[in-house]
Amino acid sequence: MTQVTETTVIKIALREMPSSYGDARQEAARLWNRMVRLHHWFRKHRRPWPMKGDFEKHFKGRFALHSQTVQALIAQFFDNIQTTRTNRQNGDKKARYPWRTKRYLSVSWKGQALRLKGRHLSLPMGRGRSPLTIKLPKALPAGQIVEAELGFYELRLTIKRPV
């Protein structure tokens, strides 16, 4: 018998944005821009598109981000490629593959990478780097945090709990 769960996404406004938060978002954008350039090169030279695992191996340890954050960004990029491909096959010829470079990008952390100590959430930045620490509000719904996403002056937490 499967257990029914309820998923809630909570937006937490951040009053201050330390430079380390912006640095993390810039590093995520740097990874995204690198993937956009690689995708463009593969299409321009009519080479076969590599698998997601090939990208994960290629980018492992090259960015100042947690390994699971890098994996999440690669998954997001591959999902965007697949959505564009599907839209084009369904007749939407205006659908574009990711082409625009970004200066900042929201950074995601999977649940198993997160550390909660009291009301402080620790977001790891990878081996040898100090984590980002965010103080959470007192009133959070009960449940397990399965994902965190750091955007511009906001933190989005995805919380699952059994119903």
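Refer to the structure presented above.
Account for helix H3 (residues 67–89), with residues named and values stated.
An ideal rise of 1.5 Å per residue puts 33 Å on 23 residues; H3 measures up with 33 Å between its terminal C-alpha atoms. Residues Gln68, Thr69, Val70, Leu73, Ile74, Phe77, Phe78, Ile81 and Thr84 constitute the buried set of H3.

Residue-level account of the packing of aromatic side chains, with values.
One pass over the structure, following the stated rule, counts 10 aromatic pairs. Centre to centre, the rings of Phe55 and Phe59 are 5.6 Å apart; their planes meet at 75 degrees, and the pair counts as edge-to-face. In this pair, Phe55 and Phe59 are both assigned in helix H2 (residues 52–59), 4 residues apart and thus about one turn of the helix distant. Residues Phe55 and Phe59 agree in their burial class; the two are buried. Taking the centre distance of 4.8 Å and the plane angle of 90 degrees together, the rings of Phe152 and Tyr153 count as edge-to-face. When the ring centre of Trp99 is taken as reference, the NZ or CZ atom of Arg96 above it lies at 3.9 Å.

Rules used throughout
- Residues numbered from 1 in each chain as written.
- Predicted model: local features only at pLDDT ≥ 70, side-chain atom pairs only at ≥ 80, totals over all residues.
- Heavy atoms only, no water.
- Helix = DSSP H or I, 4+ residues; strand = E, 2+ residues; numbered from the N terminus.
- Expected span 1.5 Å × (residues − 1).
- Buried < 20%, exposed > 50% of the residue type's maximum accessible area, 1.4 Å probe, protein only.
- Phe/Tyr/Trp six-rings, centres within 6.5 Å; stacked < 30°, edge-to-face > 60°.
- Lys NZ or Arg CZ within 6 Å of the ring centre and 35° of its normal.

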